[in-house]
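Listed below, chain by chain, are the residues.
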Amino acid sequence: MFYKEFSVSFFLKLFLKHIKFIITLTVIGTILFLAYANFFITPVYSASAMIMVQNYTSQDAANEAAEEAAQNGIVDDESQQQDIVDYENNRFKSGSTKVYASDIAASTTLAEYCIILFKNNVEIQNMLNGCSMEITQEAESNFLWVTMYSSNPQTAADTCNSVVNRIAGTKTESGLFDEIFSAGGVSAVKFASVPTASTEPNLKNYALYGAAAGLVLSFICSFIMEIIDTTVKNDDDLFKMYKIPVFGEILDFDQKGERGHEHKKAYTKQKG
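Q: Provide a residue-level description of the overall build of the chain, including the pertinent values.
A: Each helix and strand in the chain was counted, giving ten helices and six strands. Within the chain, buried positions represent 31% of all 272 residues. Summing over all exposed atoms, the chain offers an accessible surface of approximately 17,800 Å²; the carbon and sulfur share of this is 57%.

Q: Can you lay out the environment of M148 for me, pointing to particular residues and giving the numbers?
A: Mapping M148 onto the fold places it in strand β3 (residues 143-150). A sequence separation of 18 residues divides M148 from G130, and the C-alpha atoms of the two residues are 9.8 Å apart. Setting aside residues no more than four positions away along its own chain, M148 makes contact with Y45, S46, A47, L128, C131, S132, M133, A156, T159, C160 and V163.

Q: An account of the pattern of salt bridges is requested, with residue identities and associated values reported.
A: Scanning the entire structure with this criterion turns up two salt bridges. Residue E123 is joined to R166 by a salt bridge in which the shortest nitrogen-to-oxygen separation is 2.6 Å. A residue pair is termed long-range when its members are at least 10 positions apart, and E123 in helix α6 (residues 122-126) and R166 in helix α7 (residues 153-168) qualify at 43 residues. Classification of E123 by relative accessible area gives partly exposed; the value is 36%. Notably, a salt bridge pairs E179 with R166, separated by 3.1 Å at the nearest N-O pair. Residue E179 is found in helix α8 (residues 176-180), and its partner R166 is found in helix α7; the two are separated by 13 residues along the sequence.

Q: Lay out the packing of aromatic side chains in plain terms, naming residues and giving numbers.
A: What the rule picks out here adds up to five aromatic pairs. Pairing F11 with F219 gives two aromatic rings, centres 6.2 Å apart and planes at 20°, and the pair type is stacked. Here F219 lies in helix α9 (residues 203-228) and F11 lies in helix α1 (residues 8-17), a separation of 208 residues in the sequence. Residue class for F219 comes out partly exposed when judged on its relative accessible area of 27%.

Q: Describe the sheet that holds strand β2 (residues 132-137), listing the residues and the values that go with them.
A: Here we have four strands laid out as an open sheet, ordered β2-β3-β1-β4, and antiparallel in their pairing. Of all strands in the sheet, those with a lone pairing partner are β2 and β4 (185-190), marking the two edges. Taken pair by pair, the neighbouring strands of this sheet meet at an average axis angle of 30°, ignoring direction. Direction of pairing for β2 relative to β3: antiparallel, over a ladder of six bridges. Residue pairing for β3: S132 is matched across the bridge by Y149. Along the sheet face, helix α5 (residues 101-119) touches β1 (45-54), β2 and β3 and points at about 170° away from the line of β2. Helix-sheet contacts for α7 involve β1, β2, β3 and β4, and the interaxial angle to β1 is about 15°.

The rules behind each value
Residues numbered from 1 in each chain as written. Predicted model: local features only at pLDDT ≥ 70, side-chain atom pairs only at ≥ 80, totals over all residues. Heavy atoms only, no water. Helix = DSSP H or I, 4+ residues; strand = E, 2+ residues; numbered from the N terminus. Buried < 20%, exposed > 50% of the residue type's maximum accessible area, 1.4 Å probe, protein only. Areas by Shrake-Rupley, 256 points an atom, 1.4 Å probe, with all protein chains shown as cover. Contact = heavy atoms within 4.5 Å. Salt bridge = Lys/Arg side-chain N within 4 Å of Asp/Glu carboxyl O. Phe/Tyr/Trp six-rings, centres within 6.5 Å; stacked < 30°, edge-to-face > 60°. Pairing = 2+ DSSP bridges. Axes fitted to C-alpha atoms, helices over the stretch in contact; angles between N-to-C directions.

Rendered as structure tokens:
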């Protein structure tokens, strides 16, 4: 006959009664998950580099200034045009020119398109060397993170830097961005370094997963054991089972060697 009442006190008593079993199974679950993470999951290392996408660069500003000067008849030979280009280039790089919010917004929008472009570029895909690549935008700005994941930390860093150099270009080779767009540019802000620790598996997370799994499983087992236990433990159990009030209790004292008295309860039910 089912007579259990599921209240807060019931679950509290259940937890206290099986506390040793619950703690033991929780510890075992934690150890098993940690062992699985350490011995059966291949470590994954990540290396990240940052690039900056610009819709309007110093070279663009210098070229426009030289073209405007030529159209207005200020210069009439290539030497004078180059002087203007060099002057405007240096002025732009030194921060003498104002950067407008519209330029930043345009660069941010261009960076979003670059994510799609670089992720789907066949040449870049062929450079991954078994790594998986992720390109993300830094806080809705014109800065992009290029991240490589690999089981080999050196491979992750080398591949990441190779992809960044291909995108932004080097002193001797033009970049992928320059080959596609006629204006703007991409520059490397930070190159990737060789990671010293793996990003996966996260041992702390696996320890938490194991502890949670062990705790839930132990609580379920304890609950099932309590449900199938039909033994009478006190007078309240008798009342719940038979709906008959207990009239009294008789204590039975038995001698048990040198260990003293063992108390047993014999219950007398009221008839009728």
